[in-house]
Amino acid sequence: MEITKDTRLADLIAQYPWLKGEMAKVNEKFKMLNSPIGKMMMGKATIAEMSKKSGMEAEVIIGKIKELIVKHQ
């Protein structure tokens, strides 16, 4: 799966279900994905939106997600 700033988090989680629990390793703010509000936001959120919310560059988020995927394989 190609990951870009327009990739939706829900699509990533569908492809890599274990990633939801690992997102806090990317940024502490992503812990909220395990909350009821986080579950609602997950369906709409893109990497670009996650970048705005977290204060991290989209490219950094993408790189860290790719690292987690490689480590998990």
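Q: Before we move on, could you go through the environment of Gly-38 and cite the residues and values that matter?
A: Mapped onto the elements, Gly-38 comes out in helix H3 (residues 36-42). For the pair formed by Gly-38 and Met-1, sequence separation is 37 residues and the distance between their alpha carbons is 23 Å. Once residues within four sequence positions are removed from consideration, Gly-38 is found in contact with Met-32 and Leu-33.

Q: Account for the nonpolar core, with residues named and values stated.
A: Judged by nonpolar contacts, the single largest core of 21 residues is most densely connected at Ile-47 and Ile-65. Secondary-structure elements contributing two or more residues to this core are helix H1 (9-15), helix H4 (47-54) and helix H5 (58-72). In terms of residue count, H5 provides more of this core than any other element does, six residues in total. Discounting residues that sit within four places of it in the chain, Ile-47 has contacts with Ile-3, Thr-4, Lys-5, Thr-7, Leu-12, Ala-58, Ile-61, Ile-62 and Ile-65.

Q: Which residues make up H5, and what are the values?
A: In a regular helix each residue adds 1.5 Å, so 15 residues correspond to 21 Å; H5 covers 21 Å between its end C-alpha atoms and thus fits that length. By the burial criterion, the buried members of H5 are Ala-58, Ile-61, Ile-62, Ile-65, Leu-68 and Ile-69. What you see down the axis of H5 is that its buried residues fit within an arc of 125°, all on one side. The outward face of H5, more than 90 degrees from its buried face, is lined by the exposed residues Glu-59, Val-70 and Lys-71. Looking at the buried positions of H5, the neighbouring elements they touch are H1, helix H2 (19-22) and H4.

Q: Lay out the packing of H4 against H5 in plain terms, naming residues and giving numbers.
A: Interaxial distance between H4 and H5 falls to 8 Å at its minimum, and their mutual angle equals 110°. Regarding the angle of H4 to H5, the classification is roughly perpendicular. Judged by the sense of rotation from one axis to the other, the crossing of H4 with H5 is right-handed. On the side of H4, the interface is formed by Ile-47, Met-50, Ser-51 and Ser-54, while H5 contributes Ala-58, Ile-61, Ile-62 and Ile-65. Classifying every residue of the contact of H4 with H5 by side-chain character gives six nonpolar, two polar and no charged.

Q: Please provide a residue-by-residue account of the confidence of the model for the protein chain, values included.
A: Any residue range with low pLDDT should be treated as having predicted coordinates unsuitable for detailed reading. Across the protein chain, pLDDT averages 91, with 100% of residues at or above 70. The least confident element of the protein chain is H3, whose mean pLDDT is 80; the most confident is H5, at 95.

So, how was this worked out
Residues numbered from 1 in each chain as written. Predicted model: local features only at pLDDT ≥ 70, side-chain atom pairs only at ≥ 80, totals over all residues. Heavy atoms only, no water. Helix = DSSP H or I, 4+ residues; strand = E, 2+ residues; numbered from the N terminus. Contact = heavy atoms within 4.5 Å. Core = buried A, V, L, I, M, F, W, Y, C linked by side-chain atoms within 4.5 Å. Buried < 20%, exposed > 50% of the residue type's maximum accessible area, 1.4 Å probe, protein only. Expected span 1.5 Å × (residues − 1). Arc of directions from axis to C-beta. Axes fitted to C-alpha atoms, helices over the stretch in contact; angles between N-to-C directions. Parallel < 35°, antiparallel > 145°, perpendicular 65-115°, else oblique. Left-handed = near helix turned anticlockwise from the far one by under 90°. Nonpolar A, V, L, I, M, F, W, Y, C, P; charged D, E, K, R; others polar. pLDDT = per-residue confidence, 0-100.

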